[in-house]
Amino acid sequence: MAAYFNSNQLRTSLHEVVKMYIKECKDCDVLPQDCIDLLRHNFLAEFVIYNKANNTIEIGMNKSDDFDGYPEIEIYTFPLEDIGKKVDHSFKNNNEDLEFYGKLIGRRKGIGSNSVVLME
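Residues numbered from 1 in each chain as written. Predicted model: local features only at pLDDT ≥ 70, side-chain atom pairs only at ≥ 80, totals over all residues. Heavy atoms only, no water.

J.: Lay out the packing of aromatic side chains in plain terms, naming residues and giving numbers.
T.: Overall, the coordinates contain two aromatic pairs when judged by the stated rule. For the ring pair phenylalanine 91 and tyrosine 101, a centre distance of 4.8 Å and an interplane angle of 20° mean the geometry is stacked. Linking phenylalanine 91 in the loop between helix 3 (83-89) and helix 4 (95-109) with tyrosine 101 in helix 4, this pair joins segments that are 10 residues apart in sequence. Since its relative accessible area comes to 12%, phenylalanine 91 is described here as buried. Geometrically, the ring pair formed by phenylalanine 100 and tyrosine 101 is edge-to-face, given 6.2 Å between the ring centres and 65° between the ring planes. Clustering of aromatic rings is evident, with ring pairs tying together Phe91, Phe100 and Tyr101. Between the NZ or CZ atom of lysine 86 and the centre of the ring of phenylalanine 78, over which it lies, the distance is 5.5 Å. (Phe/Tyr/Trp six-rings, centres within 6.5 Å; stacked < 30°, edge-to-face > 60°. Helix = DSSP H or I, 4+ residues; strand = E, 2+ residues; numbered from the N terminus. Buried < 20%, exposed > 50% of the residue type's maximum accessible area, 1.4 Å probe, protein only. Lys NZ or Arg CZ within 6 Å of the ring centre and 35° of its normal.)

What follows is the structure, given as structure tokens:
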């Protein structure tokens, strides 16, 4: 069965899914792979890790424009609880990004990642 979403519904559903990610991380001390994928996607990050000691998320972003040598990685850190705010702030409204969000939501809600239909 397909689920139909517009961008506002996707955004609201993404809030719910992010809350699940946070709860799962607190319960298991591991950041779910879908959450890592979401943060990497939204921030174009090189890496995303969960720091258990500080209960924070670290995102590494490439700041160098050149492809020569080693990349210049800048690390941003924020509390685990702030994932929702960060995802909401970095939410993108173009078709490719909305499809990505739909697939994540579909996997988490058990409706199948290819069963999400986006409406204008």
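Now that the structure has been shown, we can carry on.
J.: Which residues make up the environment of histidine 41, and what values do they have?
T.: As for its placement among the helices and strands, histidine 41 is situated in helix 2 (residues 33-43). The exposure class assigned to histidine 41 is partly exposed, which follows from its relative accessible area of 22%. Excluding residues within four positions of it along the chain, histidine 41 makes contact with Lys92, Asp97, Phe100 and Tyr101. (Contact = heavy atoms within 4.5 Å.)

J.: Please give an account of the pattern of salt bridges that cites residues and values.
T.: Tallied over the full model, the rule gives five salt bridges. With a closest N to O distance of 2.7 Å, arginine 11 and aspartate 88 form a salt bridge. Of this pair, arginine 11 sits in helix 1 (residues 7-28) while aspartate 88 sits in helix 3, placing them 77 residues apart in sequence. A salt bridge links lysine 23 to aspartate 27; the shortest N-O distance between them is 2.8 Å. Placement of both lysine 23 and aspartate 27 in helix 1 is noted, with a separation of four residues, approximately one turn of the helix. For the pair shown, lysine 23 and aspartate 27 are each scored as exposed. (Salt bridge = Lys/Arg side-chain N within 4 Å of Asp/Glu carboxyl O.)

J.: Describe the side chain of serine 90, with residues and values.
T.: By secondary structure assignment, the location of serine 90 is in the loop between helix 3 and helix 4. Polar side-chain contacts of serine 90 include one of 2.9 Å to the side chain of asparagine 42. (Polar contact = N/O pair within 3.5 Å; in protein donor to acceptor, adjacent residues only side chain to side chain.)

J.: Can you explain the sheet that holds strand 2 (residues 47-51)? Please cite residues and give values.
T.: Spatial strand order, 2-3-4: three strands in an open sheet with antiparallel pairing. Unpaired on one side and paired on the other, strand 2 and strand 4 (73-79) mark the two borders of the sheet. Strand-to-strand twist in this sheet, taken as the mean axis angle between neighbours without regard to direction, amounts to 20°. Of the pairings in the sheet, the one linking strand 2 to strand 3 (residues 56-62) comprises five bridges and is antiparallel in character. Residue pairing across strands places valine 48 opposite isoleucine 59, the latter belonging to strand 3. (Pairing = 2+ DSSP bridges. Axes fitted to C-alpha atoms, helices over the stretch in contact; angles between N-to-C directions.)

J.: Tell me about the nonpolar core, residues and numbers included.
T.: With 28 residues, the main nonpolar core has Leu31, Ile57 and Ile83 as its most contacted residues. Where this core is concerned, the elements lending two or more residues are helix 1, helix 2, strand 2, strand 3, helix 3 and helix 4. The leading source of residues in this core is helix 1, at seven residues. Excluding residues that lie within four positions of it along the chain, leucine 31 makes contacts with Cys25, Ile36, Val48, Tyr50, Ile57, Leu80 and Ile83. (Core = buried A, V, L, I, M, F, W, Y, C linked by side-chain atoms within 4.5 Å.)

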